[in-house]
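Listed here are the chains, written in short residue letters.
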Amino acid sequence: MKMIFQITSPETGMVLIRRRKIAKALRWWLRENGIVFDYRYYMA
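Would you mind going over the overall build of the chain with me for this structure?
A tally of helices and strands in the chain yields one helix and three strands. For the chain, the α and β elements follow one another from N to C terminus as β-β-α-β. Once the C-alpha set of the chain is aligned to its principal axes, its extents read approximately 35 × 15 × 10 Å. Within the chain, contacts between residues separated by at least 24 positions form 48% of all contacts whose residues are at least 6 apart in sequence. Carbon together with sulfur atoms contributes 58% to the accessible area of the chain, which is approximately 3700 Å² in total.

Here's what the structure looks like:
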């Protein structure tokens, strides 16, 4: 089973990422820049 991370924000739109570290880095960057985002993950 693989994890798929979904991050949605007004600036980036909906982004699907397979790698946890990249998803974590994007969430960190959005948080640092004060951008509101929605985060979900799925098992595929």
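Additional details are given in the paragraphs that follow.
Looking at this structure, how should I read helix H1 (residues 20-32)?
Here H1 spans 18 Å end to end across 13 residues, near enough to the 18 Å set by a 1.5 Å rise per residue. In this fold, the buried residues of H1 make contact with strand E1 (3-9), strand E2 (13-17) and strand E3 (38-43). Positive phi appears at Gly34, one or two residues downstream of H1, with a value of about 70 degrees.

Looking at this model, I keep getting lost on the nonpolar core. Mind explaining?
General note: in soluble globular proteins, nonpolar side chains tend to be found buried as a group. Ranked by size, the top nonpolar core spans seven residues in total: Phe5, Ile7, Ile17, Ala23, Leu26, Leu30 and Ile35. Taken together, the elements giving at least two residues each to this core come down to E1 and H1. The residues touching Leu30, leaving out its near neighbours within four places in the chain, are Ile7, Ser9, Thr12, Ile35 and Phe37.

Reading guide: rules and limits
- Residues numbered from 1 in each chain as written.
- Predicted model: local features only at pLDDT ≥ 70, side-chain atom pairs only at ≥ 80, totals over all residues.
- Heavy atoms only, no water.
- Helix = DSSP H or I, 4+ residues; strand = E, 2+ residues; numbered from the N terminus.
- Contact = heavy atoms within 4.5 Å.
- Areas by Shrake-Rupley, 256 points an atom, 1.4 Å probe, with all protein chains shown as cover.
- Expected span 1.5 Å × (residues − 1).
- Core = buried A, V, L, I, M, F, W, Y, C linked by side-chain atoms within 4.5 Å.
- Buried < 20%, exposed > 50% of the residue type's maximum accessible area, 1.4 Å probe, protein only.

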